[in-house]
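Here is what each chain is made of, one letter per residue.
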Amino acid sequence: MTVSSSNSVAETSSIAELLVWASSQFVDSDSPRLDAELLLAFALKKDRTYLFTWPEKTLSGDQFLCFQESVTRRIQGEPVAYLMGEQGFWSLTLNVNPSTLIPRPETELLVEIALEKVSSTDANVLDLGTGTGAIALALASEHPAWSVTGVDFSSEAVTLAQENKTRCGLTNAEFLQSNWFDSLDDHRRFDLIVSNPPYIDPEDIHLSQGDVRFEPKSALISQQKGLADIVTIATHAREFLAPGGWLMFEHGYDKGNDCLQLLQTLGYQQVETRQDLGDRDRVTLGRFR
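Keep in mind that this is a model prediction, so the values were computed, not measured. (Residues numbered from 1 in each chain as written. Predicted model: local features only at pLDDT ≥ 70, side-chain atom pairs only at ≥ 80, totals over all residues. Heavy atoms only, no water.)

Chemist: When you look at the nonpolar core in this model, what are you seeing that I'm missing?
Modeler: Where a protein is soluble and globular, its nonpolar side chains tend to be buried together. Membership of the largest hydrophobic core comes to 31 residues, with the highest contact counts inside it found for Leu139, Leu192 and Met248. Looking at this core, the element that brings in the most residues is helix H7 (residues 134-142), giving 7 residues. Residues Leu128, Phe190, Leu241 and Phe288 belong to the second largest nonpolar core, which totals 26 residues. (Core = buried A, V, L, I, M, F, W, Y, C linked by side-chain atoms within 4.5 Å. Buried < 20%, exposed > 50% of the residue type's maximum accessible area, 1.4 Å probe, protein only. Helix = DSSP H or I, 4+ residues; strand = E, 2+ residues; numbered from the N terminus.)

Shown next as C-alpha cells:
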C-alpha cells in the first residue's frame, strides 16, 4: 500500500489495504478495525460481508474520496454513527444526527427488562427523553398491540423520532414535544414508563473525551451529580402510572444504590437494580402501588 503521509493513502489501494491503513489511523478508538469496516462499507454502499468477499477490489474515485473524508473526520473524533447517519439498535436501523444521543448497546437492557416485566398485550407505554425514538420503537416493534408514546424536550429529536417511526414502518408509536411530563394530559396512565435520561455529572472528565464530545450536552449532563433528572422522573411518574405500573430508567454505573434508595423512599415496590454486560449497575426499576 502506498501511503503519502500519516493521514493519506493511495487511491489504487485495495479494500484489504484500506482497512489496514484506516485501522492504524484510529488510535483513540476502542474499536478501530470495526470503525474502518463500517466506514468503508458505507462508502461502497455495501454491507460488511462485501469487504471480506472482495478484499482485492479497489474503489472508484468518488468512493475513495468519501472514505478518505470519513476517515479524516473520524480521526478528529466524530462518531461513526454521525458520519454514517444511522445506527443499529435492537433489531432496528435508525437515523441519527447530532441533535440526539447515539443509541448504545447497553440501553438495550431497558428493552429486555420492559419485555420481561410487562406482560399485558395492550399496554400503554411512555418513553421519556426519547431522542432517536430507539427505546419506544424497539418496544413498539416487539408488541404491535402496545400503544407507545415517546416525548422529548427537543423538537429536532421529535422530528428525528418520527422519521425513524416511518423508516421502521411502525404505526403503534407517537412522538410529542414535552419537557418530561409537562405536555401530557393529566389523566393519562401508563403501564410502563421507561427512560434513558441525562445522568452524567457536569464535572465528569469523560465529557471532554471520545464520542461524547460531539453529542448534545443537554442529553448527557444532569445536576446533583447526575441525579437531578432521575429524581424529577421518579417523583412525577407516580402521577402517571397505572396501578401496578412499572418505572425503569438507565443511570450511571455508580448510582445504583442512590437510585434504589430513591425509589424505595418514594414508595415504589419490587425495587431492584440490574447490571449490564460489564457487570456495572445500569438500570433501576420499581412498581408503584
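Chemist: I tried to follow unusual backbone geometry on my own but got confused; where do I start?
Modeler: With the exception of glycine, the majority of residues adopt a negative phi angle, and the majority of peptide bonds are in the trans configuration. Positive phi outside glycine occurs at Lys45, with the angle close to 60°. As for its position among the elements, Lys45 is in the loop between helix H2 (32-44) and helix H3 (48-53). With relative accessibility at 74%, the residue Lys45 sits in the exposed group. Look at Trp180: it is not a glycine, yet its phi comes out positive at around 55°. Inspection of the secondary structure puts Trp180 in the loop between strand S5 (173-177) and strand S6 (190-195).

Chemist: Is there a simple way to explain the sheet that holds S5 in this structure?
Modeler: Whenever strands of a sheet pair, they do so through backbone hydrogen bonds, lying parallel or antiparallel. If you trace the 7 strands from one edge of the open sheet to the other, you get S5-S4-S3-S6-S7-S9-S8, paired in mixed fashion. Each of the sheet's edge strands pairs with one partner strand only, and the pair in question is S5 and strand S8 (268-275). Across the sheet, the mean angle separating the axes of adjacent strands is 15° when strand polarity is ignored. With 5 bridges joining them, strand S4 (residues 147-152) and S5 adopt parallel strand pairing. Residue pairing in the sheet places Val148 in a bridge with Ala173 of S5. The sheet strands contacting helix H8 (residues 155-168) are S4 and S5, and the helix crosses S5 at an angle near 170°. Each of strand S3 (124-128), S6, strand S7 (241-250) and S8 is contacted by helix H10 (residues 228-237), which is oriented at about 170° to S7, the strand it contacts most. (Pairing = 2+ DSSP bridges. Axes fitted to C-alpha atoms, helices over the stretch in contact; angles between N-to-C directions. Contact = heavy atoms within 4.5 Å.)

Chemist: What exactly am I supposed to notice about the pattern of salt bridges here?
Modeler: Two side chains bearing opposite charge may form a pair once their charged atoms approach each other closely. For the structure shown, the criterion picks out 14 salt bridges. Notably, a salt bridge pairs Glu37 with Arg48, separated by 2.8 Å at the nearest N-O pair. With Glu37 in helix H2 and Arg48 in helix H3, the pair connects residues that are 11 residues apart, well separated along the chain. Residue classification places Glu37 among the buried positions, given a relative accessible area of 7%. The class of Arg48 is partly exposed, set by a relative accessible area of 34%. (Salt bridge = Lys/Arg side-chain N within 4 Å of Asp/Glu carboxyl O.)

Chemist: Can you walk me through the packing of aromatic side chains in this structure?
Modeler: Remark: the centre distance and the inter-plane angle together describe each pair of aromatic rings, the angle taken between the planes. Tallying each qualifying case throughout the model produces 3 aromatic pairs. Seen from their ring centres, Phe181 and Phe240 are 4.8 Å apart, and the 15° between their planes marks the pair as stacked. You can see Phe181 sitting in the loop between S5 and S6 and its partner Phe240 sitting in the loop between H10 and S7, a full 59 residues away along the chain. By relative accessible area, Phe240 is classed as buried at 5%. Directly above the ring of Trp54 sits Lys57, whose terminal nitrogen or CZ lies 4.9 Å from the centroid. (Phe/Tyr/Trp six-rings, centres within 6.5 Å; stacked < 30°, edge-to-face > 60°. Lys NZ or Arg CZ within 6 Å of the ring centre and 35° of its normal.)

Chemist: Before we go on, may I ask you to explain helix H4 (residues 61-75) in this structure?
Modeler: Along an α-helix, residues three or four apart share an orientation, since each turn contains 3.6 residues. Between its first and last C-alpha, H4 extends 21 Å over 15 residues, near the 21 Å set by a 1.5 Å rise per residue. Residues of H4 that are buried: Phe64, Phe67, Gln68, Ser70, Val71 and Arg74. In an axial view of H4, the angular spread of the buried residues amounts to 160°, which keeps them on one side of the axis. In H4, those exposed residues whose orientation departs by more than 90 degrees from the buried face are Asp62 and Leu65. Looking at the packing, one finds that the buried side of H4 touches helix H1 (15-25), H2 and helix H5 (80-84). (Expected span 1.5 Å × (residues − 1). Arc of directions from axis to C-beta.)

Chemist: What should I look at first to understand the packing of H2 against H4 in this one?
Modeler: To characterise two packed helices, one gives the angle between the axes of the helices and the distance between these axes. For the pair H2 and H4, the least separation of the axes is 8 Å and the interaxial angle reads 145°. H2 and H4 meet at a crossing whose hand is right-handed. Contacts between H2 and H4 involve Asp35, Ala36, Leu39, Leu40, Ala43 and Leu44 from the first element and Gln63, Cys66, Phe67, Ser70 and Arg74 from the second. For the contact of H2 with H4, the class distribution of residues is 7 nonpolar, 2 polar and 2 charged. (Left-handed = near helix turned anticlockwise from the far one by under 90°. Nonpolar A, V, L, I, M, F, W, Y, C, P; charged D, E, K, R; others polar.)

Chemist: Honestly, the confidence of the model for the chain in this entry has me stumped. Any pointers?
Modeler: Low-pLDDT stretches of the model should not have their predicted coordinates read in fine detail. A residue-level look at the chain finds 96% of positions with pLDDT of 70 or above and a mean pLDDT of 92. Residue range residues 1-6 is modelled with pLDDT below 50. Its contacts to residues more than four positions away, or to other chains, number 13 contacts. (pLDDT = per-residue confidence, 0-100.)

Chemist: For this particular structure, what's the right way to read the pairing of strand S2 (residues 92-95)?
Modeler: Taken residue by residue, a regular strand's side chains alternate between the two faces of the sheet. The two faces of S2 differ: Leu92 and Leu94 on one face are buried, but Thr93 and Asn95 on the other face are not. Across 4 bridges, strand S1 (residues 86-89) lies against S2 in antiparallel orientation. Considered in S2, the bridge of Phe89 is made with Leu92. Connecting the antiparallel pair S1 and S2 is a turn made up of 2 residues, with Trp90 showing a positive phi of about 55°.

Chemist: Hey, could you run me through the environment of Lys255 in this one?
Modeler: In this fold, Lys255 is placed in the loop between S7 and helix H11 (256-265). Note: C-alpha distance between Lys255 and Val271 (16 residues apart in sequence) is 14 Å.

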